[in-house]
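Each chain, letter by letter, is given below.
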Amino acid sequence: MTSVISASFNQASLFLSADSASSWLNGALNSIQNQNNAGGLLGMLQHSGGDGSISSFLGSSATTASQFALISQNSVTNTSSLVAQIAAQNAQQTNAQQLQDAIDALSASKQMVQPQNVLDPTIFFADGSTLDTNSNILTMSDGTQIDTTTGAKVIDTSSMIQMANGAYLDTANNILTMPDGSQIDTVTGLKISVTA
């Protein structure tokens, strides 16, 4: 009988998932271990014989009824446990899908909304200088352009000639800038003085 029971356990473990099989198998294993006790079906059958009296028959019948009730109760408990586990797994999968859908919708809405520059494209100052907010260039009243993100002077590279020693010549304005930062007007040859 043990081989039939173990074979049925192997088949049952193939059909049930790991979570539901563990509780069902534990219950079945406990039932097998308790089969010789008065609460088990085999124990009930072993003690079915008696002395033939009505008292013995009624006592045996009460014990038998109690044992069948216990079997039914265990069956209902195991079924309820299995149904609860399946419901919990379904709820977990539904929650995970709803969370993923919400994340996908949020990502899609972020891609639909493009950041906008709320500043005017050009800001005019009282001294005649202007600020281009799209390209972040401050143009001074004398025409000098400064990159507002780096603070460096904007140089039109198409009119620049780079020298080997680090100096460069601005052919549009005829200004030679030396490596030390001093500037020379190439038309007059005079050093340009920068005053504050």
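Residues numbered from 1 in each chain as written. Predicted model: local features only at pLDDT ≥ 70, side-chain atom pairs only at ≥ 80, totals over all residues. Heavy atoms only, no water.

S.K.: I keep staring at the overall build of the protein chain and nothing clicks. Help me out?
M.R.: Scanning the protein chain for helices and strands turns up four helices and nine strands. Relative to its full complement of 196 residues, the protein chain shows a buried share of 11%. In the structure as shown, the protein chain presents an accessible area of about 14500 Å², 59% of it carried by carbon and sulfur atoms. (Helix = DSSP H or I, 4+ residues; strand = E, 2+ residues; numbered from the N terminus. Buried < 20%, exposed > 50% of the residue type's maximum accessible area, 1.4 Å probe, protein only. Areas by Shrake-Rupley, 256 points an atom, 1.4 Å probe, with all protein chains shown as cover.)

S.K.: I'm lost on the sheet that holds strand β2 (residues 130–132) in this one. Help?
M.R.: Hydrogen bonds between backbone atoms are what pair the strands of a sheet, whose relative direction is either parallel or antiparallel. If you walk across this open sheet you meet the four strands as β1-β2-β3-β4, and the pairing is antiparallel. Strands with a single pairing partner mark the edges of an open sheet, and in this sheet they are β1 (122–124) and β4 (145–147). Sheet twist, expressed as the mean angle between neighbouring strand axes with direction ignored, is 20°. When β1 meets β2, the two strands line up antiparallel, connected through three bridges. Bridged to Thr122 within β2 is Asp132. (Pairing = 2+ DSSP bridges. Axes fitted to C-alpha atoms, helices over the stretch in contact; angles between N-to-C directions.)

S.K.: Sorry, what's going on with the sheet that holds strand β5 (residues 160–162) here?
M.R.: In space, the five strands of this open sheet follow the order β5-β6-β7-β8-β9, with antiparallel pairing throughout. With partners counted over all chains shown, the strands left at the sheet margins are β5 and β9 (191–192), one partner each. Here β5 pairs with strand β6 (residues 168–170) via three bridges, running antiparallel. Residue pairing across strands places Met160 opposite Asp170, the latter belonging to β6.

S.K.: Can you walk me through the side chain of Thr177 in this structure?
M.R.: The topology assignment puts Thr177 in strand β7 (residues 175–177). We classify Thr177 as buried; its relative accessible area is 7%. Ignoring any residue separated from it by four or fewer positions in sequence, one finds Thr177 in contact with Ala167, Tyr168, Ser182 and Gln183. (Contact = heavy atoms within 4.5 Å.)

S.K.: Where do I start with unusual backbone geometry in this structure?
M.R.: Phi at Asn136 is positive, roughly 55°, even though this residue is not glycine. Among the structural elements, Asn136 can be located in the loop between β2 and β3 (137–139). Asn136 sits in the partly exposed class, given a relative accessible area of 30%. Here the phi dihedral of Asn174 falls at roughly 55°; this positive angle occurs in a residue that is not glycine. Tracing the backbone through its elements, the reader meets Asn174 in the loop between β6 and β7.

S.K.: Help me understand the side chain of Ser159, please; the structure alone is not making it clear to me.
M.R.: With respect to the secondary-structure elements, Ser159 resides in the loop between β4 and β5. One polar contact links Ser159 to Asp170, side chain to side chain, over a distance of 3.4 Å. In this view, Ser159 contacts Leu169, Asp170, Thr171 and Ala172; residues no more than four positions away in its chain are not counted. (Polar contact = N/O pair within 3.5 Å; in protein donor to acceptor, adjacent residues only side chain to side chain.)

S.K.: Sorry, what's going on with the confidence of the model for the protein chain here?
M.R.: Do not read the predicted coordinates in detail wherever pLDDT is low. Mean pLDDT for the protein chain: 77, with 73% of residues reaching 70 or above. Below pLDDT 50 for its whole length, residues 1–18 participates in 12 contacts with residues either more than four positions away or in separate chains. (pLDDT = per-residue confidence, 0-100.)

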